[in-house]
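Residues per chain are reported as follows:
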Amino acid sequence: MERIRDLTEVVVMMIAAILILFLVGLCSVTGLMQMLIAYAGFILVFGVLYLANYKSRIKKSTHILSYTVWIILFALATHGIADIILCLVKWLMPAEMVHYTQLAKMIDPNQSSIWLLILVTCVMTPLAEELLFRGCIMGKLRQNFPLIVALLLTTILFSAYHMNITQALYTIPFGLAAGIIYEKTGTIWASILYHAVFNGSAFIMKMNGTILIAFMLISIPLFVICFIKLSTTRRC
């Protein structure tokens, strides 16, 4: 019964997230401003829920210092894998890649300020999505499910949430990594940092093709090393 109750609460949380996105979608704003408002709603709703249920994990922020380098390397490795997946999608499913590119352009059709773009992608998105998926959903599932089940279910939901094939594919390794980081460090700030570095690294890699190629070459072994390191770490 407890597991059924937990799954029901997870479904309710997903419906709440979809409802927030729907209501914000009715507003006249578009692009980055729409994301800013929607994720502000996420942070308010799921932040309160997280604080109400997992306040102790907010207090454990000092644990993040021991893992900072590994978290950053993990994020960069995951971004390299995401770029490999993008290349494969472009090669195997060119029509899907065109669709993905069009969606990316819709996020910021007016070429907004770079500072607004950084605020949304590197601050608001990590806070909002980590509070929902790792904080509330995975936190709820971990109460009565083993780690592997909670991790896989959270990753599947996170992947499906993005609602396009390309992002659904590269958010699978991302979701697994973020879940392991949250589980082993014992603090939501760790997965938020991971998410922020992942999103922020896109700016660096777009500016320098050499860095992008270098990380694509080392991304898989580096990802495996980071995954093993953190997954074998004693839970905080």
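Residues numbered from 1 in each chain as written. Predicted model: local features only at pLDDT ≥ 70, side-chain atom pairs only at ≥ 80, totals over all residues. Heavy atoms only, no water.

Asks: Help me get a handle on the packing of aromatic side chains, residues and values and all.
Replies: For the structure on display, the rule yields twelve aromatic pairs. Consider the rings of F74 and F227, whose centres lie 6.3 Å apart with planes at 80 degrees: the pair is edge-to-face. With F74 in helix 3 (residues 68-92) and F227 in helix 9 (residues 209-231), this pair connects stretches of sequence that are 153 residues apart. Consider the rings of Y100 and Y170, whose centres lie 6.3 Å apart with planes at 90 degrees: the pair is edge-to-face. Residue Y100 is located in helix 4 (residues 94-107), and its partner Y170 is located in helix 7 (residues 165-185); the two are separated by 70 residues in the primary sequence. (Phe/Tyr/Trp six-rings, centres within 6.5 Å; stacked < 30°, edge-to-face > 60°. Helix = DSSP H or I, 4+ residues; strand = E, 2+ residues; numbered from the N terminus.)

Asks: Talk me through the confidence of the model for the chain; I want residue IDs and the actual numbers.
Replies: In this model, the chain carries an average pLDDT of 88, and 90% of its residues clear a pLDDT of 70 or more. Looking across the chain, the model is least confident in helix 4, with a mean pLDDT of 81, and most confident in helix 6 (residues 147-161), with 96. (pLDDT = per-residue confidence, 0-100.)

Asks: Summarise the environment of S191; cite the residues concerned and give the values.
Replies: Here S191 shows up in helix 8 (residues 188-207). Judged by relative accessible area, S191 falls into the buried class, the value being 0%. Separated by 13 residues in the primary sequence, S191 and A178 place their C-alpha atoms 5.3 Å from one another. Among the polar contacts made by the side chain of S191, one reaches the side chain of E130 at a distance of 3.1 Å. A distance of 3.1 Å separates the side chain of S191 from the backbone oxygen of I188, its partner in a polar contact. (Buried < 20%, exposed > 50% of the residue type's maximum accessible area, 1.4 Å probe, protein only. Polar contact = N/O pair within 3.5 Å; in protein donor to acceptor, adjacent residues only side chain to side chain.)

Asks: So what's going on with the nonpolar core? Which residues, and what values?
Replies: In this structure, F42, F46, F74, L132, I137 and Y194 are the most contacted members of the largest nonpolar core, which totals 63 residues. It is helix 5 (residues 114-141) that provides the largest number of residues to this core, a total of eleven residues. For F74, the residues in contact, after removing those within four places along its chain, are A177, I181, Y194, F223, C226, F227 and L230. (Core = buried A, V, L, I, M, F, W, Y, C linked by side-chain atoms within 4.5 Å. Contact = heavy atoms within 4.5 Å.)

Asks: Please provide a residue-by-residue account of the pattern of salt bridges, values included.
Replies: Taken as a whole and assessed by the stated rule, the structure comprises five salt bridges. With its nearest N and O atoms 4.0 Å apart, the salt bridge here joins R5 to E9. Here R5 pairs with E9, and both are found in helix 1 (residues 2-25), just four residues apart, close to one helical turn. Shared partners join several salt bridges into a network, and the residues in it are R5, D6, E9 and K140. (Salt bridge = Lys/Arg side-chain N within 4 Å of Asp/Glu carboxyl O.)

Asks: I'd love a proper account of a nonpolar patch on the surface, names of residues and values included.
Replies: A surface patch of nonpolar side chains, amounting to about 620 Å² of accessible area, comprises L88, W91, L92, M93, I165 and L169. Elements with a contribution of two residues or more to the nonpolar patch: helix 3 and helix 7. At three residues, helix 3 tops the list of elements feeding residues into the nonpolar patch. Residue placement: L92 occurs in helix 3. The exposure class assigned to L92 is exposed, which follows from its relative accessible area of 59%. (Patch = residues over 30% accessible without salt bridge, like charges linked within 9 Å, V, L, I, M, F, W, Y side chains within 5 Å. Areas by Shrake-Rupley, 256 points an atom, 1.4 Å probe, with all protein chains shown as cover.)

Asks: Would you mind going over the packing of helix 6 against helix 7 in detail, with residue names and values included?
Replies: Contact geometry of helix 6 with helix 7 gives a least axis separation of 8 Å together with a crossing angle of 140 degrees. In terms of axis orientation, helix 6 runs oblique to helix 7. Helix 7 is crossed by helix 6, and the crossing has right-handed handedness. Residues L147, L151, L152, T155, F158 and S159 of helix 6 form the contact with helix 7, whose participating residues are A168, L169, T171, I172, F174, G175, L176, G179, I180 and E183. The class makeup of the residues in the contact of helix 6 with helix 7 is ten nonpolar, five polar and one charged. (Axes fitted to C-alpha atoms, helices over the stretch in contact; angles between N-to-C directions. Parallel < 35°, antiparallel > 145°, perpendicular 65-115°, else oblique. Left-handed = near helix turned anticlockwise from the far one by under 90°. Nonpolar A, V, L, I, M, F, W, Y, C, P; charged D, E, K, R; others polar.)

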